[in-house]
Amino acid sequence: MKITDAIALLERMAPLAYAEDFDNVGLLTGDKNAQLKGILVCHDAIEAVIDEAITKNCNLVVCFHPILFSGLKNITGKNYVERSLLKAIKNDIAIYAVHTALDNHKQGVNKIFCKALGLTNTKILIPKENYIRKLVTYTTPENADELRNALFNAGAGNIGNYENCSFNSQGIGTYLGNNESNPVVGAVGEFIESREIKIEVTFEKHLEAEILKALFSNHIYEEVAYEIYSLMNRHQNIGLGMVGELETPMDEEEFLLMVKEKMQCGGIRHSAFTGKQIKKVAVLGGSGAFAIKNAIAADADAYLTADLKYHNFYEAEGKIMLADIGHYESERYVKDYIAGYLEEITETPVLITEVDTNPVKYF
């Protein structure tokens, strides 16, 4: 097995197309064609983790946060980022980051967060926009089933909990082929009117190349007529944050004590208590101040996230309890999820780092 094979598995778990535009996900350094020896999973690929990978003969480090986030003009070892990269490169260790590709996945960071708290009836807090596209094409009735099934197999037609979704309508198609044409129906120079089926399917935009490949490979026409539209619909199964419900409502103090225990928090900063019972809970792993209004709009009783600033707590407006549980703490179970996923589908050794990479300490 090569590193590129492990990358394919990771991209199946968290498609890079799900990542936010600002992010730096995927293979950050290393030779993807190298033979894979072992995988070390961590939260942050700091120098101590790279040392551990060397000791344990792991030449692929899978991290949640990208150690290389913004551009570098030189790499001289002057800070922790450069030292980690230098050591990884010198020792032929590849580093792969998942970050917001897994944040946005419906089974990713925030689902893991919800499961740790025992939340049910979960749904995405901020569904992803500008991600759904529609393909419209036209073919003969005889070709319709084969073409439609090929599009389904390529990933088209998935809507929420349903698959193989399409809309089909009948009409009359017309054409007249020139001397260089090779029509399937009719002859060169003959004006043709024939029955056609119009097929409409939606798909996630990162699947476009596969969808078009299926279209061209399974369509019987010499010239394939098709249209692709970007839809304004939000993708209900991809996006940041999540909302769920506790099985039994709790008072605010009891709820925070439960969160502190489940997420192993060194401390929790929170806004003023509202006096309401906590039933509906919004979560967003990592820095989530930008989603306070979304949590309020979702009628959540509490919003758990990290990296809230002083003035962010005023935004609660007595409508919700805001709780900053710590950045690392809100994502702490992600590395276990990644390692568990890889262990099930590869025979290569998969290890979880023993290094505590949380830079925040509590007194």
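See the structure above.
Residues numbered from 1 in each chain as written. Predicted model: local features only at pLDDT ≥ 70, side-chain atom pairs only at ≥ 80, totals over all residues. Heavy atoms only, no water.

Caption draft 1: Layout of the overall build of the protein. Helix and strand counts for the protein stand at eleven helices and 15 strands. Dimensions of the protein, computed from the C-alpha atoms along their principal axes, are close to 85 × 55 × 40 Å. Residues counted as buried form 49% of the 363 residues belonging to the protein. Here the analysis covers contacts within the protein between residues at least 6 apart in sequence; of these, 72% occur between residues at least 24 apart. With the model as given, the accessible surface of the protein reaches about 18,500 Å², and the carbon-plus-sulfur share is 49%. Computed over 35 positive and 50 negative side-chain charges, the inter-centroid distance for the protein is 5 Å. (Helix = DSSP H or I, 4+ residues; strand = E, 2+ residues; numbered from the N terminus. Buried < 20%, exposed > 50% of the residue type's maximum accessible area, 1.4 Å probe, protein only. Contact = heavy atoms within 4.5 Å. Areas by Shrake-Rupley, 256 points an atom, 1.4 Å probe, with all protein chains shown as cover. Lys, Arg positive; Asp, Glu negative; His and termini not counted. Charge placed at Lys NZ, Arg CZ, Asp CG, Glu CD.)

Caption draft 2: Representation of a nonpolar patch on the surface within the structure. A surface patch of nonpolar side chains, about 210 Å² in accessible area, is lined by Val184, Val185 and Ile220. The residue Val185 is located in the loop between strand S7 (167–176) and strand S8 (191–204) in this model. Note on Val185: relative accessible area 32%, which makes it partly exposed. (Patch = residues over 30% accessible without salt bridge, like charges linked within 9 Å, V, L, I, M, F, W, Y side chains within 5 Å. Salt bridge = Lys/Arg side-chain N within 4 Å of Asp/Glu carboxyl O.)

Caption draft 3: Region of the structure containing the packing of helix H6 (residues 141–153) against helix H7 (residues 208–218). Running from amino to carboxyl end, H6 crosses H7 at an angle of 160°, the nearest separation of the two axes being 9 Å. If you check the angle between H6 and H7, you find them roughly antiparallel. For H6 against H7, the interelement crossing comes out right-handed. Mapping the contact onto sequence places Asn143, Glu146, Leu147, Ala150 and Leu151 in H6 and Ile211, Ala214, Leu215 and Asn218 in H7. Split into classes, the residues belonging to the contact of H6 with H7 amount to six nonpolar, two polar and one charged. (Axes fitted to C-alpha atoms, helices over the stretch in contact; angles between N-to-C directions. Parallel < 35°, antiparallel > 145°, perpendicular 65-115°, else oblique. Left-handed = near helix turned anticlockwise from the far one by under 90°. Nonpolar A, V, L, I, M, F, W, Y, C, P; charged D, E, K, R; others polar.)

Caption draft 4: Looking closely at helix H1 (residues 3–13). Within H1, burial applies to Ile3, Ala6, Ile7, Leu9, Leu10 and Met13. Buried residues of H1, seen end-on, are gathered within an arc of 160° and therefore sit on one face of the element. If you follow the buried residues of H1, they end up packed against strand S1 (26–29), strand S2 (39–44), strand S3 (60–65), strand S4 (94–97), helix H4 (99–103) and helix H11 (334–345). (Arc of directions from axis to C-beta.)

Caption draft 5: Highlighting H6. Relative to the 18 Å expected for 13 residues at 1.5 Å per residue, H6 spans 19 Å between its end C-alpha atoms, a close match to the ideal helical length. Within H6 the residues assigned to the buried category are Asn143, Ala144, Leu147, Arg148, Ala150, Leu151 and Phe152. Where the residues of H6 are buried, they touch strand S6 (132–139), S7, S8 and H7. (Expected span 1.5 Å × (residues − 1).)

Caption draft 6: Geometry of the pairing of S4. Side-chain alternation along S4 places Ala94 and Tyr96 on one buried face and Ile95 and Ala97 on a second face that is also buried. Bridge count between S1 and S4: three bridges; the pairing is antiparallel. Counted as the bridge partner of Gly26 is Ala97 from S4. Across four bridges, S3 lies against S4 in parallel orientation. Across the sheet, the residue bridging to Cys63 is Ala97, located in S4. You can see the chain leave S3, run along helix H3 (residues 80–90) and come back into S4, and the turn it takes is right-handed. (Pairing = 2+ DSSP bridges. Right-handed = clockwise from strand over helix to strand, strands pointing away.)

Caption draft 7: Inspection of the sheet that holds S3 at higher detail. Pairing within the open sheet is mixed, and its five strands lie in the order S1-S4-S3-S2-S15. The open sheet is flanked by S1 and strand S15 (350–352), the only strands paired with a single partner. Looking at each pair of strands side by side, their axes are set apart by 30° on average, direction ignored. Relative to the sheet, helix H2 (residues 47–55) contacts S2, S3, S4 and S15, its axis offset from that of S2 by approximately 170°.

Caption draft 8: Layout of unusual backbone geometry. At Asn57, a position not held by glycine, the phi torsion is positive, near 60°. Even without being glycine, Asn121 reaches a positive phi, approximately 55°. Mapping Asn121 onto the fold places it in strand S5 (residues 120–128).

Caption draft 9: Inspection of the packing of H2 against H3 at higher detail. It is the contact of H2 with H3, at a shortest axis distance of 8 Å, that shows an interaxial angle of 15°. In this view, H2 runs roughly parallel relative to H3, as classed from their interaxial angle. For H2 against H3, the interelement crossing comes out left-handed. Here Glu47, Ile50, Asp51 and Ile54 of H2 come into contact with H3, specifically with Arg83, Ser84, Lys87 and Ala88. Across the contact of H2 with H3, the residue classes break down as three nonpolar, one polar and four charged.

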